[in-house]
Amino acid sequence: MEALLEILEPDAPERALVQSLDPGRLPCHIAIIMDGNGRWANRRSLPRPAGHEAGVEPARTVIETCARLGIRYLTLYAFSLENWKRPRAEVDMLWRLLQVYIRRELPNLMKHGVRVKAIGRIDALPDPARRELVHAVEATAQNQGLQVNLAINYGGRAELADAFNAILDKARAAGTLENLRVTEQDIAGCLYTAGVPDPDLLIRTSGEMRISNFLLWQIAYAELFVTDTLWPDFTRADLLRAILEYQSRDRRFGGLAAAGAKAR
Ligand code: FPP
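**Q** Which residues make up helix 5 (residues 56–69), and what values go with them?
**A** With 14 residues, helix 5 should cover 20 Å at 1.5 Å per step; its first-to-last C-alpha distance of 20 Å lies within 8% of that length. With respect to burial, helix 5 is a largely interior element, eleven of its 14 residues being buried. Listed in full, the buried residues belonging to helix 5 are V56, P58, A59, T61, V62, I63, E64, T65, C66, R68 and L69. Of the residues one or two after helix 5, G70 is the one with positive phi, at around 90°.

What follows is the structure, given as structure tokens:
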């Protein structure tokens, strides 16, 4: 938290928000559905790609803020399997944007000790974007700070299908297919997010009350925070308010409330 306070101006309104946070109950993992870029552009009579370009700055801000707060994991939904249905020009532009963003941001990610991972069907990405992504994953692999999972060409159902097939392949190779029984741990261990704790807080911008095929397995007990703010307008203060709201929630995980227990 000190690392965040030190970059805020003495009279910055975010200061009070940071100081109201309980450092002992920060979410370990935050996941974000960055929605509303198209509407942001429409409202300004701009082409939709301009909305995606405007969406880069809040992604930078959120990554830096999480890194400085000491959040361990951040998962950003950047491109879904279903996004291929968009006009070709918009899809091509999103890949170019991703490529340029990763190349430009790599020094900054290194500076903050961020480890980049990619979750999704990465093999199907256009070559230049895939190469840039793989380079960033490899270059940051030894960093010890915030882990940013970029969900790219990602679908929650596809992830589950891939996990089930991985379980079948392993059993086939081990000759244990006939009596195969699958546990929740087996499934979790074959997801793209294997080894990453489930998200504690899921943020969605632009007011839609949907999950949109994002982290279907992992969000079983995530606290949901939906804001009407469109992604390009999402600020550091909005993120801090979402975390404060999370800290006011009573997480029961299907059990009963422990006296005085709030979000961990
Ligand atoms: C949803 O808005 C957003 C996307 C499909 C792309 C997300 C990409 C970025 C925010 C770019 C930068 C981020 C990284 C990590 C490189 P929408 O087009 O669905 O908006 P709409 O619902 O208003 O049409």
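**Q** Which residues make up the nonpolar core, and what values go with them?
**A** Counting residues in each nonpolar core, the largest one holds 54 residues, and the members touching the most others are I30, I32, I63, L74, I152 and I203. With ten residues, the top contributor of residues to this core is helix 6 (residues 88–111). Formed by eleven residues, the second largest nonpolar core is a distinct cluster that contains I119, Y154, L215 and A222.

**Q** Report on the environment of G38, specifying residues and quantitative values.
**A** Relative to the helices and strands, G38 resides in helix 3 (residues 37–43). Each C-alpha atom of the pair G38 and K170 lies 42 Å from the other, and the pair is 132 residues apart in sequence.

**Q** An account of the layout of surface pockets is requested, with residue identities and associated values reported.
**A** To find the voids left in a structure, one rolls a probe of water-molecule size over its atoms. Quantified by volume, the largest pocket comes out at close to 780 Å³. Lining the largest pocket are 31 residues, with M34, N37, Y77, A78 and N83 positioned closest to its centre. Elements supplying a minimum of two residues to the lining of the largest pocket: helix 3, helix 4 (48–54), helix 5, strand 2 (73–80), helix 6 and strand 4 (147–154). Classifying every residue of the lining of the largest pocket gives 16 nonpolar, eight polar and seven charged.

**Q** So, the side chain of D35: which residues are in play, and what are the values?
**A** With respect to the secondary-structure elements, D35 resides in the loop between strand 1 (29–33) and helix 3. Among the residues examined, D35 registers a relative accessible area of 18% and is labelled buried. If we ignore the near neighbours within four places in the chain, the residues touching D35 are R204, T205, S206, E208, L230 and W231.

Analysis parameters
Residues numbered from 1 in each chain as written. Predicted model: local features only at pLDDT ≥ 70, side-chain atom pairs only at ≥ 80, totals over all residues. Heavy atoms only, no water. Helix = DSSP H or I, 4+ residues; strand = E, 2+ residues; numbered from the N terminus. Expected span 1.5 Å × (residues − 1). Buried < 20%, exposed > 50% of the residue type's maximum accessible area, 1.4 Å probe, protein only. Core = buried A, V, L, I, M, F, W, Y, C linked by side-chain atoms within 4.5 Å. 1 Å grid on protein atoms, 1.4 Å probe; cavity = no way out; pocket = protein on both sides within 12 Å on 5 of 7 lines; lining within 4 Å. Points joined across faces, edges and corners; volume = space filled by probe spheres on them. Nonpolar A, V, L, I, M, F, W, Y, C, P; charged D, E, K, R; others polar. Contact = heavy atoms within 4.5 Å.

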